[in-house]
Amino acid sequence: MNITVIGCGRWGSFIAWYLDRLNHTITLYGHENSSKLQAFLEQRTNGMVTLGEGILLTSDLEKAVAFAEILVISIGAQGFRGLMRELAAMDLGGKTIVLCMKGLEADTGKRLTQIAQEYAPKVPSAIWVGPGHVQNFVRGIPNCMVIDSVSMEIKEYLVKAFSSDLIRFYYGTDLIGNEVGAAAKNVIGIAGGMLDGLNRTALKGALMSRGTREIARLIQAMGGNEITAYGLSHLGDYEATVFSEYSHNRKFGELFVKGKDYGELAEGVATTTALLKLGQEYNVELPICRAVYSVIHEGREPKTVLSDLFLRSLKMEF
């Protein structure tokens, strides 16, 4: 199968490496001025994955798209609308779009499949989400992930094409819940990092319990199934996000409360803004998301905010 991966960052390059191992024909696209693409062009490696010689590297988006039956997209969620504008001008007939990003559009709160449908309404799309870090996968440590779409036919097609002994895919049954859940786990990851940075790691149990319930309420209000929050896309991804040393969002939260610069903005920062927008739209209280937002964007003192959140509220658990 001819597959193009758009985005040569940590996850996109892993996907290219992974699908190449499954004997698909892979093209990996990156911007011409991308230092990550240049590293692959010069050395075929980014220090985590080494790309096989059969993987074509290109900065020509039109060429990369024309080649593919499946477009796997792994870029920052806030740049997705701009990419879709470019893709909409190309011939996408017969192609399938697979979104491997965990985010929501900050300005609108829209899910990424909604944006894809705005620009390419006749092109089927799916999401690939769930737990797993490149550093573990390349060491041969397997994990379970989810593929979801409005089309069962597309889900079956992709699960068959992508499954291996390294990744077991489950069929998602709630596109809204899996998209929102996958994005929201990054916000919980930032909160987990903040607890680490404040030496409050013991509160992560409360964070996981209350965080899952919070997102479940939002998913249900949006028309999804609240039980999805307890599946692989959200709660199932907490180990990789709330605890792992490899988690960008957890590390961002830890360094933020210590007053240190992480060096880049974690995806969960924009997602926090989007979730609060959705909470307001659907009249759902999101206290953990609001706490993270108030620390990052309003400059509130993190120890006070998080202590108030977990230690000072008197309420029924359920």
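These lines cover the structure that appears in this document, whether it is placed above or below. (Residues numbered from 1 in each chain as written. Predicted model: local features only at pLDDT ≥ 70, side-chain atom pairs only at ≥ 80, totals over all residues. Heavy atoms only, no water.)

## Thoughts on the packing of aromatic side chains
Then comes step 1: Throughout the structure, instances matching the rule amount to 11 aromatic pairs.
Then comes step 2: Residues Phe14 and Tyr18 carry aromatic rings whose centres are separated by 5.9 Å and whose planes lie at 25 degrees to one another, so their mutual orientation is stacked. You can see Phe14 and its partner Tyr18 sitting in helix H1 (residues 10-21), 4 residues apart, about one turn around the helix.
Then comes step 3: Classification of Phe14 by relative accessible area gives buried; the value is 0%.
Then comes step 4: Judged by relative accessible area, which is 0%, Tyr18 ranks as buried.
Then comes step 5: Taken together, the ring pairs in this structure connect Trp11, Phe14, Trp17, Tyr18, Trp128, Phe137, Phe162 and Phe169 into an aromatic cluster. (Phe/Tyr/Trp six-rings, centres within 6.5 Å; stacked < 30°, edge-to-face > 60°. Helix = DSSP H or I, 4+ residues; strand = E, 2+ residues; numbered from the N terminus. Buried < 20%, exposed > 50% of the residue type's maximum accessible area, 1.4 Å probe, protein only.)

## So, the packing of helix H13 (residues 287-297) against helix H14 (residues 302-311)
Then comes step 1: Following both chains from N to C, one finds H13 and H14 inclined at 170 degrees, their axes separated by 10 Å at the closest point. Considering their axes alone, H13 and H14 lie roughly antiparallel with respect to each other. When H13 is examined against H14, the residues Pro287, Ile288, Ala291, Ser294 and Val295 are found in contact with a partner set consisting of Pro302, Val305 and Leu309.
Then comes step 2: Of the residues in the contact of H13 with H14, the class split is 7 nonpolar, 1 polar and no charged. (Axes fitted to C-alpha atoms, helices over the stretch in contact; angles between N-to-C directions. Parallel < 35°, antiparallel > 145°, perpendicular 65-115°, else oblique. Contact = heavy atoms within 4.5 Å. Nonpolar A, V, L, I, M, F, W, Y, C, P; charged D, E, K, R; others polar.)

## Focus: the environment of Asn186
Then comes step 1: In this fold, Asn186 is placed in helix H8 (residues 175-197).
Then comes step 2: Residues Asn186 and Gly268, spaced 82 residues apart in sequence, show a C-alpha to C-alpha distance of 4.7 Å.
Then comes step 3: Not counting chain neighbours up to four residues away, the residues in contact with Asn186 comprise Lys102, Thr241, Asn249, Glu267 and Gly268.
Then comes step 4: A polar contact is formed between the side chain of Asn186 and the backbone oxygen of Lys102, at a distance of 3.1 Å. (Polar contact = N/O pair within 3.5 Å; in protein donor to acceptor, adjacent residues only side chain to side chain.)

## Some remarks on the environment of Ile147
Then comes step 1: Within the fold, Ile147 resides in strand E7 (residues 143-148).
Then comes step 2: If we skip the residues at most four places from it in the chain, Ile147 touches Ile127, Trp128, Lys155, Leu158, Val159, Phe162, Phe169, Tyr170, Tyr171 and Gly172.

## Structural notes on the sheet that holds strand E4 (residues 70-73)
Strands pair in a sheet through their backbones, by hydrogen bonds, and they do so in one of two ways: parallel or antiparallel.
Then comes step 1: Reading across the sheet, the 8 strands line up as E3-E2-E1-E4-E5-E6-E7-E8 and stay open at both edges, with mixed pairing between neighbours. Strands at the two margins of the open sheet, each flanked by one partner only, are strand E3 (56-58) and strand E8 (167-171). Across the sheet, the mean angle from the axis of one strand to that of its neighbour is 25 degrees, orientation sign disregarded.
Then comes step 2: Helix H7 (residues 152-162) contacts strand E1 (2-6), E4, strand E5 (96-99), strand E6 (125-129), E7 and E8 of the sheet and is inclined by roughly 170 degrees relative to E8. (Pairing = 2+ DSSP bridges.)

## Comments concerning the environment of Val305
Then comes step 1: Secondary-structure assignment places Val305 in helix H14.
Then comes step 2: Each C-alpha atom, one on Val305 and one on Ile288, is 9.7 Å from the other, the two residues being 17 residues apart in sequence.
Then comes step 3: Apart from residues lying up to four places away in sequence, Val305 is in contact with Ala291, Ser294, Val295 and Arg300.

## What about the pattern of salt bridges?
Then comes step 1: The full count for this structure, using the stated rule, is 14 salt bridges.
Then comes step 2: Arg81 is paired through a salt bridge with Glu118; the nearest N and O atoms lie 2.9 Å apart. Taken together, the residues span a long stretch of sequence, with Arg81 in helix H4 (residues 80-88) and Glu118 in helix H5 (residues 112-119) at a distance of 37 residues.
Then comes step 3: Accessibility expressed as a relative area gives 15% for Arg81, which makes it buried.
Then comes step 4: Glu118 gets classed as partly exposed once you look at its relative accessible area, which sits at 39%. (Salt bridge = Lys/Arg side-chain N within 4 Å of Asp/Glu carboxyl O.)

## A few points about the side chain of Ser34
Then comes step 1: Along the chain, the position of Ser34 falls in the loop between strand E2 (25-29) and helix H2 (35-43).
Then comes step 2: For Ser34, a relative accessible area of 15% gives the class buried.
Then comes step 3: Reaching out from Ser34, the side chain makes a polar contact with the backbone nitrogen of Leu37 at a distance of 3.1 Å.

## Some details on the nonpolar core
Then comes step 1: Within the largest apolar cluster, 43 residues are counted, with the highest numbers of intra-cluster contacts made by Met194, Leu207, Leu218 and Leu275.
Then comes step 2: Listed by contribution, the elements that provide at least two residues to this core are H8, helix H9 (204-221), helix H10 (238-243), helix H11 (248-257), helix H12 (267-281), H13 and H14.
Then comes step 3: Aside from chain neighbours lying at most four places away, what touches Leu218 is Val180, Leu275, Leu278, Gly279, Val284 and Leu286.
Then comes step 4: The next biggest cluster of nonpolar side chains, apart from the first, holds 36 residues, and it includes Val5, Ile26, Val159 and Ile167. (Core = buried A, V, L, I, M, F, W, Y, C linked by side-chain atoms within 4.5 Å.)

## Concerning the packing of H12 against H13
Then comes step 1: In contact at an axis separation of 9 Å, H12 and H13 are set at 125 degrees when each is read in the N-to-C sense. The orientation of H12 relative to H13 falls into the category oblique. In this structure, H12 meets H13 at a crossing whose hand is left-handed. Contacts between H12 and H13 involve Val269, Thr272, Thr273, Leu275 and Leu276 on the former and, on the latter, Cys289, Arg290, Val292, Tyr293, Ile296 and His297. (Left-handed = near helix turned anticlockwise from the far one by under 90°.)

## A look at the pairing of E7
Then comes step 1: One ladder, built from 3 bridges, connects E6 with E7; its direction is antiparallel. Pairing of Trp128 across the sheet is with Ile147, part of E7.
Then comes step 2: Across 5 bridges, E7 lies against E8 in parallel orientation. Looking at the pairing, Met145 lines up with Phe169 of E8.
Then comes step 3: Considered for its hand, the β-α-β crossover made up of E7, H7 and E8 is right-handed. (Right-handed = clockwise from strand over helix to strand, strands pointing away.)

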